[in-house]
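# Fold and geometry: a report
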Amino acid sequence: MPSVTVDQFLFDLPTGWTWLKYDECTYYRSHFNDLASSKAVDLLALAPQRGELWMVEVKDYRRHPRTKPENLFTEIARKVRDTLAGLAAGRLVANDPTSRQFALDAMRTGRLRVAFLLEQPRTPSRLFPLVVDPATAKTGLKKALRAVDPHPFIGSASALSAKTAWTVTPP
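Let us look at the structure shown here. (Residues numbered from 1 in each chain as written. Predicted model: local features only at pLDDT ≥ 70, side-chain atom pairs only at ≥ 80, totals over all residues. Heavy atoms only, no water.)

### Structural notes on the pairing of strand β5 (residues 52-60)
As a general feature of sheets, a regular strand has side chains that alternate between the two faces. A large share of β5 lies buried, amounting to eight of its nine residues. By the bridge criterion, five bridges tie strand β4 (residues 43-47) to β5 in an arrangement that is antiparallel. Looking at the pairing, L44 lines up with M55 of β5. Two successive antiparallel strands, β4 and β5, enclose a turn made up of four residues, where G51 displays a positive phi of approximately 65°. (Buried < 20%, exposed > 50% of the residue type's maximum accessible area, 1.4 Å probe, protein only. Helix = DSSP H or I, 4+ residues; strand = E, 2+ residues; numbered from the N terminus. Pairing = 2+ DSSP bridges.)

### What about the sheet that holds strand β3 (residues 18-20)?
As summarised here, the arrangement of the five strands in space is β3-β4-β5-β6-β7, forming an open sheet in which the pairing is mixed. Two strands in the sheet have a free side with no partner beyond their single neighbour: β3 and β7 (153-155). Between one strand and the next, the sheet's axes are offset by a mean angle of 20°, whatever the strand orientation. Across nine bridges, β5 lies against strand β6 (residues 111-119) in parallel orientation. (Axes fitted to C-alpha atoms, helices over the stretch in contact; angles between N-to-C directions.)

### Digging into the pattern of salt bridges
This model, assessed by the stated rule, comprises 15 salt bridges. E24 is the salt-bridge partner of K21, the closest N and O atoms lying 3.8 Å from each other. A salt bridge links R50 to E52; the shortest N-O distance between them is 3.4 Å. Take R50: its relative accessible area is 46%, and that puts it in the partly exposed class. Connected via shared salt-bridge partners are E57, K59, R66, K68, E75 and K79. (Salt bridge = Lys/Arg side-chain N within 4 Å of Asp/Glu carboxyl O.)

### Points about the packing of helix α2 (residues 72-93) against helix α4 (residues 134-145)
In contact at an axis separation of 9 Å, α2 and α4 are set at 40° when each is read in the N-to-C sense. Considering their axes alone, α2 and α4 lie oblique with respect to each other. Handedness of the crossing formed by α2 with α4: right-handed. In contact with F73, I76, A77 and V80 of α2, α4 contributes A137, G140, L141, A144 and L145. The class makeup of the residues in the contact of α2 with α4 is eight nonpolar, one polar and no charged. (Parallel < 35°, antiparallel > 145°, perpendicular 65-115°, else oblique. Left-handed = near helix turned anticlockwise from the far one by under 90°. Contact = heavy atoms within 4.5 Å. Nonpolar A, V, L, I, M, F, W, Y, C, P; charged D, E, K, R; others polar.)

### Considerations on the sheet that holds strand β8 (residues 167-169)
Judged by pairing direction, the sheet is antiparallel, and its three strands sit side by side in the order β1-β2-β8 without closing on themselves. Two strands in the sheet have a free side with no partner beyond their single neighbour: β1 (3-6) and β8. Averaged over all adjacent pairs, the angle separating strand axes in this sheet is 25°, with direction ignored. Note that strand β2 (residues 9-12) and β8 share three bridges and pair antiparallel. Across the sheet, residue F11 finds its bridge partner in β8, namely V168.

### Description of the nonpolar core
Core analysis: the biggest nonpolar cluster contains 32 residues, and Y22, L44, L53, V80 and F116 have the highest contact counts within it. Elements represented by at least two residues in this core include exactly α1 (26-30), β4, β5, α2, α3 (97-107), β6 and α4. When residues in this core are grouped by element, the largest group, seven residues, is from α2. With residues up to four places along the chain from it excluded, the contact list for F116 reads E57, K59, L72, F73, I76, L141, F153, I154, G155 and L160. Counting residues in hydrophobic clusters, the runner-up holds 19 residues, among them F9, L43, V58 and W166. (Core = buried A, V, L, I, M, F, W, Y, C linked by side-chain atoms within 4.5 Å.)

Encoded structure:
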């Protein structure tokens, strides 16, 4: 079972899946990131048997409050868009063999999926408020990403572990 750590969260993926921390790969860091200040999701996971590319964003607001003025769901949609553009270009011009092969495989999949791992304080306070209302979070994410994935996943590590093919262990 392949494992990867993203922002101290341990992702255990099913056997046969491959992953790439896109925002840390050579092609993105050395080349594509300079293009219009692009952004990237935290993790890409390929499920070859299912023909799916999972784009995973991780945000942990339990210890650090959100400081960016941009809408959270707009930020995620931008990261998804920029990552897709980077994969499309990377399959043709990436000079790093790992990045190029992953981009080729990712662009051959038949379905895009988005998962947003969101950890918020259990007991909100003035210092650590809720970033988004859990009651409206799914609607906001669906609206922002409907062109890519009409049914994105959003939730804590335990919620995503229950809804997806992988498990997530929080720090």
